[in-house]
Amino acid sequence: MVIGDDFDHAGEASRNIKTILKQINLPNDVIRKAALISYESEINIVSYARKGIIRLTILPDHILIEAVDEGQGIPDLELAMQPGWSTASQKVREMGFGAGMGLCNIKSFSDIFHISSEVDKGTHLKASIKLKGNTDD
Amino acid sequence: MYLREIKEILDAEVIVGQDRLDVDVTCAGVADLISDVLAYVTPGCLLITGLTNPQVVRTADVLDISAIILGRGKKFSSETVRLAEELNIPVLATDYILFEIVGRLYAKGIRGCIEKVGSK
């Protein structure tokens, strides 16, 4: 569970995901992408939503990371996906976030990326990483 | 180049990781925005920054960054130091501004983690 505005614990979900994926010996590149996707997702929830969850599903040929939140939602997904576009608060920016790269980063680290959102309800992000073709550095 | 040598070049103080000065690094990235760190800094690099909040340490952990170089005389809060200790990420602090840090390390052979956006 990731709680809105709780910046002190943002990053713990991605650390847990990293630990689990290391235990099952996935390639470093896959682990790195998964950690980045979940971390950016956590930061998004903490910055914009009331609360949310990060879910990791491990399948034989890919892993799926989902970030499901309850919050303000995103009115214009196309705009939100543009590099550099951000509605981050001053507080979020002061911490070094809000460069408008979060969703682009998540997309670039995913093999399959899907996002849906409803205003005043929340956002559901799905990112999957293929296990084949992602080899160690 | 070992962190020990980087410490000397930058006249830096070891904030975390006194026992890890034998870590070997070849590349570095500079950013003062975490989103940019996440986008452009690659594993094993040095992260040169002026950011002092705990998220910079979390980010370094997510990216498997070798060490954080904190520039322009900035200080980590006790909370940030504690997190770096917990996650075992070396932190060196120096009074040099980021431009000087980069110039001094480049002159000694450290290179950018990527040269240009889009390149490897």
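None of the values given here were measured: they were computed from a predicted structure.

The rules behind these values
- Residues numbered from 1 in each chain as written.
- Chains lettered and ligands numbered in written order.
- Predicted model: local features only at pLDDT ≥ 70, side-chain atom pairs only at ≥ 80, totals over all residues.
- Heavy atoms only, no water.
- Helix = DSSP H or I, 4+ residues; strand = E, 2+ residues; numbered from the N terminus.
- Rg over C-alpha atoms; globule rule 2.2 N^0.38 Å.
- Buried < 20%, exposed > 50% of the residue type's maximum accessible area, 1.4 Å probe, protein only.
- Contact = heavy atoms within 4.5 Å.
- Areas by Shrake-Rupley, 256 points an atom, 1.4 Å probe, with all protein chains shown as cover.
- Lys, Arg positive; Asp, Glu negative; His and termini not counted.
- Charge placed at Lys NZ, Arg CZ, Asp CG, Glu CD.
- Buried area = accessible area lost by both parts, 1.4 Å probe.
- Salt bridge = Lys/Arg side-chain N within 4 Å of Asp/Glu carboxyl O.
- Phe/Tyr/Trp six-rings, centres within 6.5 Å; stacked < 30°, edge-to-face > 60°.
- Lys NZ or Arg CZ within 6 Å of the ring centre and 35° of its normal.

Looking at this structure, I do not really get the overall build of chain A. What am I missing?
Each helix and strand in chain A was counted, giving 5 helices and 5 strands. In sequence order, the secondary structure elements of chain A are arranged as β-α-α-β-β-α-α-α-β-β. Expected size for 137 residues packed as a compact globule is a radius of gyration near 14 Å; at 14 Å, chain A falls within 12% of this value. Overall size of chain A, expressed as C-alpha extent along the three principal axes, is 40 × 30 × 25 Å. Each of the 137 residues in chain A was classed as buried or not, and the buried ones make up 50%. Residue pairs in contact within chain A that sit at least 24 positions apart in sequence constitute 62% of those at least 6 positions apart. Only carbon and sulfur atoms are counted for the fraction: they give 50% of the accessible area of chain A, which is about 6,900 Å². Across chain A, the centroid of the 15 positively charged side chains sits 4 Å from that of the 19 negatively charged ones.

I tried to follow the interface of chain B and chain A on my own but got confused; where do I start?
A common way to state how big an interface is: give the accessible area lost once the parts meet. Facing the 22 residues of chain B at the interface are 24 residues of chain A. Of the roughly 1,900 Å² buried at the junction of chain B and chain A (both faces included), carbon and sulfur atoms supply 52%. Across the contact surface, chain B and chain A share 3 salt bridges. Asp-61 of chain B is paired through a salt bridge with Arg-15 of chain A; the nearest N and O atoms lie 2.5 Å apart.

So what exactly am I meant to see when it comes to the packing of aromatic side chains here?
Given two aromatic rings, their pairing is described by the distance between the two centres and the angle made by the two planes. This model, assessed by the stated rule, comprises 1 aromatic pair over all chains. The interplanar angle of 25° and the centroid separation of 6.3 Å between the aromatic rings of Phe-7 of chain A and Phe-97 of chain A together place this pair among those described as stacked. Taken together, the residues Phe-7 of chain A in the loop between β1 (2–3) and α1 (12–23) and Phe-97 of chain A in the loop between α4 (90–94) and α5 (102–109) connect sequence positions 90 residues apart. In this structure Phe-97 of chain A comes out as buried when scored by relative accessible area, which is 2%. One cation-aromatic arrangement involves Arg-111 of chain B over Tyr-106 of chain B; the distance from NZ or CZ to the ring centre is 3.7 Å.

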